[in-house]
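If you want the building blocks of each chain, they are given just below.
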Amino acid sequence: MRPHRFRDVIRIGPVQVGTHSDHRGREKHTAACTAPGCGFSADYPDRSAAELAARTHRCN
């Protein structure tokens, strides 16, 4: 399986939000924290949900 190719990537604090197509061709939106040791990432069906998760994310 090939890695995801993200497009329309934005940064909200330490979280990056990007859009990609899954292996079935459906569009998905991912929010992933780039802070060392955090490990938060999640896929969402719409961009607004991913951006909301990025805005409300707090690292432990």
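Our subject in this report is the structure included herewith. (Residues numbered from 1 in each chain as written. Predicted model: local features only at pLDDT ≥ 70, side-chain atom pairs only at ≥ 80, totals over all residues. Heavy atoms only, no water.)

Description of the pattern of salt bridges
Using the following cut-off: Only one rule defines a salt bridge in this text: a Lys or Arg side-chain nitrogen within 4 Å of an Asp or Glu carboxyl oxygen. Remark: exposure states derive from per-residue accessible area (1.4 Å probe, protein chains only) relative to the maximum for the residue type, with buried under 20%, exposed over 50%, and partly exposed in between. A run of DSSP states H or I qualifies as a helix once it reaches four residues; a run of E qualifies as a strand once it reaches two. Both are numbered from the N-terminal end.
Enumeration according to the criterion identifies 4 salt bridges in this entry. Note that Arg 26 is salt-bridged to Asp 22, the shortest N-O span being 2.9 Å. In this structure Arg 26 comes out as partly exposed when scored by relative accessible area, which is 41%. Under the relative-accessibility criterion, Asp 22 is labelled buried at 12%. Glu 51 is the salt-bridge partner of Arg 55, the closest N and O atoms lying 3.7 Å from each other. With Arg 55 and Glu 51 both in helix α1 (residues 47-56) and 4 residues apart, this pair spans about one turn of that helix. Connected through shared salt-bridge partners, Arg 47, Glu 51 and Arg 55 make up one network.

As for the state of the cysteines
Formally: Pairs of cysteine sulfur atoms within 2.5 Å are identified as disulfides in what follows.
Taken as a whole and judged by the stated rule, the model has 0 disulfides. The closest cysteine sulfur to the non-disulfide-bonded Cys 59 is located on Cys 33, 3.5 Å from its own sulfur.

Some thoughts on the pairing of strand β1 (residues 7-12)
As a reminder of what qualifies: Two strands qualify as a pair provided that DSSP identifies no fewer than 2 bridges between them.
Where β1 lies against strand β2 (residues 15-21), 4 bridges are found, and the strand directions are antiparallel. Its bridge partner lying in β2, Arg 7 is registered against Thr 19. Between β1 and β2, which pair antiparallel and follow one another directly, the connecting turn spans 2 residues, one of which, Gly 13, has a positive phi of 65°.

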